[in-house]
Amino acid sequence: MNYRHAFHAGNVGDVLKHVVLLELLHALHRKPNPVHLLDTHAGLGIYDLASDEAQRGGEYRLGVGAVLADPAAGRMLPRYLAALQALNPELAPGGAGLQRYPGSPWLLKQSLREGDRLTLCELHPQDAETLKKNIGRDPRVAVHHRDGFAALKALLPPSPRRGLALIDPAYEAKDEFTVLTKAVLAGLQRWPVGQFAIWYPIKEQKTVDAWKVDLAKQVQAETIAVELTIRAAKEARQMNGSGLLLINPPWQIDQTLRPMLDFMKSRLVREAGGGVRIQTLVKAG
Ligand SMILES: C[S@@+](CC[C@H](N)C(=O)[O-])C[C@H]1O[C@@H](n2cnc3c(N)ncnc32)[C@H](O)[C@@H]1O
């Protein structure tokens, strides 16, 4: 396990993932019934942007930094901005004062109401320990040092039965898309009413499109993909963008996300050929 998210926290992929995640949570919480949230690949929960890791690549500057540089960010992405402000009380318009970046466990935990539950899985032993420290003790939250793919079999269906699984693998292994597909299908079989949000990298668009079509063929639930590419996704050796596959998405989430995606496009796309899209893979039954 070589992947460490500390090098990438707050990058373009994180911005897309966390903006969409916050909208999914908002939609889930419209009903008062309690929910269970599962984060299969949790990471550290909070990232120090002054750390050597974050500074070395500086990826956050082209992600969250580029978003915050626009005075319209608070209006266009209000929930994302509120989360950044909650973790960075010194945050000023334009982005000065941004010191810490919230990972998905922190965002999920912030959303919990009484009766809600959160399960976090992280396989890297050191990161699992840091995650425990960063997230703190809360009787509603369980942190597991375990394989997140196996958790989709072992821990589902959850209690309460309404809820969301975020699946955000590191994509280090050659067969990770295959392992992922199997685990998602197993999870969905056990939890057909669950919402699933699966983050994926886009190197070559045609390869990732083939994976989506293959997965969608095996899913009998509404499925959409939300994508942001920073340049034309033709070169397989580099990261050109990312997407989120949403299974059982909230009603009309596409309409909520469209203006947010257009705003992110205006801040994050770097070269001709990049852009945003929402693609329907399986229509609602
Ligand atoms: C992309 S990062 C997660 C970022 C996090 N979800 C967020 O948005 O803040 C992927 C994490 O998965 C962990 N990991 C890798 N393989 C895993 C597995 N099989 N099960 C659980 N965690 C794993 C890595 O150590 C890394 O921390």
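In the block above lies the structure referred to throughout.
Quick caveat, the model's predicted, so the values are computed rather than measured.

1. Brief notes about the overall build of the chain
Part 1 of the argument: When its secondary structure is counted, the chain shows 11 helices and 10 strands.
Part 2 of the argument: Scaling as 2.2 N^0.38, a compact globule of 285 residues should have a C-alpha radius of gyration of about 19 Å, and the chain matches this with 18 Å.
Part 3 of the argument: With respect to the principal axes defined by its C-alpha atoms, the chain has extents near 45 × 45 × 40 Å.
Part 4 of the argument: Burial statistics for the chain: of 285 residues in total, 54% are counted as buried.
Part 5 of the argument: Sequence-distant contacts, at least 24 apart, represent 76% of the contacts inside the chain between residues at least 6 apart.
Part 6 of the argument: Averaging the coordinates of the 36 positive side-chain charges in the chain and doing the same for the 29 negative ones gives two points 4 Å apart.

2. A short note on the environment of glycine 65
Part 1 of the argument: Among the structural elements, glycine 65 can be located in helix H3 (residues 64-68).
Part 2 of the argument: You can call glycine 65 partly exposed: its relative accessible area is 22%.
Part 3 of the argument: Once the C-alpha coordinates of glycine 65 and threonine 280 are considered, the two residues, 215 residues apart in sequence, prove to be 30 Å apart.

3. What about the side chain of threonine 223?
Part 1 of the argument: With respect to the element layout, threonine 223 can be found in strand S8 (residues 223-229).
Part 2 of the argument: Taking relative accessible area as the criterion, threonine 223 reaches 2% and is therefore assigned buried.
Part 3 of the argument: When neighbours within four sequence positions are excluded, threonine 223 is seen to be in contact with Leu245, Leu246, Ile247, Gln279, Thr280, Leu281 and Val282.

4. Observations concerning helix H11 (residues 253-268)
Part 1 of the argument: End to end, H11 covers 21 Å across 16 residues, agreeing with the expected 22 Å (1.5 Å per residue, within 8%).
Part 2 of the argument: Proline 259 marks the point of greatest bend in H11, at about 25°.
Part 3 of the argument: Within the sequence span of H11, burial applies to Ile253, Leu257, Met260, Leu261, Phe263, Met264 and Leu268.
Part 4 of the argument: Against the buried residues of H11 lie helix H1 (12-28), H3, helix H4 (73-76), S8 and strand S10 (275-282).

5. Some thoughts on the packing of H1 against helix H5 (residues 78-87)
Part 1 of the argument: One way to put it is that H1 packs onto H5 with a least axis distance of 9 Å and a crossing angle of 105°. The orientation of H1 relative to H5 falls into the category roughly perpendicular. Of the residues in H5, those touching H1 at Val15, His18, Val19, Leu22, Glu23 and His26 are Arg79, Tyr80 and Ala83.

6. Points about the environment of leucine 49
Part 1 of the argument: Relative to the helices and strands, leucine 49 resides in the loop between strand S2 (46-48) and helix H2 (52-57).
Part 2 of the argument: Classification of leucine 49 by relative accessible area gives buried; the value is 2%.
Part 3 of the argument: A C-alpha to C-alpha distance of 6.7 Å links leucine 49 and tyrosine 101, two positions 52 residues apart in sequence.
Part 4 of the argument: With residues up to four places along the chain from it excluded, the contact list for leucine 49 reads Ala9, Ala54, Gln55, Tyr60, Leu98, Gln99, Arg100 and Tyr101.

7. Quick word on the nonpolar core
Side chains of nonpolar character tend, in soluble globular proteins, to be buried together.
Part 1 of the argument: Core analysis: the largest hydrophobic core is formed by 90 residues, its most contacted members being Leu37, Val64, Tyr80, Phe196, Ile198 and Met264.
Part 2 of the argument: Of all the elements, H1 adds the most residues to this core, at 10 residues.

8. With respect to the side chain of glutamine 205
Part 1 of the argument: Along the chain, glutamine 205 falls in helix H10 (residues 205-217).
Part 2 of the argument: Within the structure, the side chain of glutamine 205 is placed 3.1 Å from the side chain of glutamate 227, a separation counted as a polar contact.
Part 3 of the argument: Leave out the neighbours within four places in its chain, and glutamine 205 touches Lys212, Glu227, Thr229, Ala233 and Arg277.

9. Quick word on the site of the ligand
Part 1 of the argument: Every one of the 20 residues lining the ligand counts as a neighbour, but Ser104, Glu122, Asp147, Gly148 and Asp168 are closest to it.
Part 2 of the argument: Contact distances for the ligand include 3.2 Å between a nitrogen atom and a backbone N or O atom of leucine 123.
Part 3 of the argument: Aspartate 168 places a polar side-chain atom, nitrogen or oxygen, 2.7 Å from a nitrogen atom of the ligand.
Part 4 of the argument: Its free accessible area being 600 Å², the ligand has 96% of it covered by the protein chains.
Part 5 of the argument: Of the residues that constitute the shell around the ligand, the class distribution is 4 nonpolar, 9 polar and 7 charged.

About the criteria used
- Residues numbered from 1 in each chain as written.
- Predicted model: local features only at pLDDT ≥ 70, side-chain atom pairs only at ≥ 80, totals over all residues.
- Heavy atoms only, no water.
- Helix = DSSP H or I, 4+ residues; strand = E, 2+ residues; numbered from the N terminus.
- Rg over C-alpha atoms; globule rule 2.2 N^0.38 Å.
- Buried < 20%, exposed > 50% of the residue type's maximum accessible area, 1.4 Å probe, protein only.
- Contact = heavy atoms within 4.5 Å.
- Lys, Arg positive; Asp, Glu negative; His and termini not counted.
- Charge placed at Lys NZ, Arg CZ, Asp CG, Glu CD.
- Expected span 1.5 Å × (residues − 1).
- Bend = angle between axes of the 7 residues up to and from the residue.
- Axes fitted to C-alpha atoms, helices over the stretch in contact; angles between N-to-C directions.
- Parallel < 35°, antiparallel > 145°, perpendicular 65-115°, else oblique.
- Core = buried A, V, L, I, M, F, W, Y, C linked by side-chain atoms within 4.5 Å.
- Polar contact = N/O pair within 3.5 Å; in protein donor to acceptor, adjacent residues only side chain to side chain.
- Near = heavy atom within 4 Å.
- Areas by Shrake-Rupley, 256 points an atom, 1.4 Å probe, with all protein chains shown as cover.
- Nonpolar A, V, L, I, M, F, W, Y, C, P; charged D, E, K, R; others polar.

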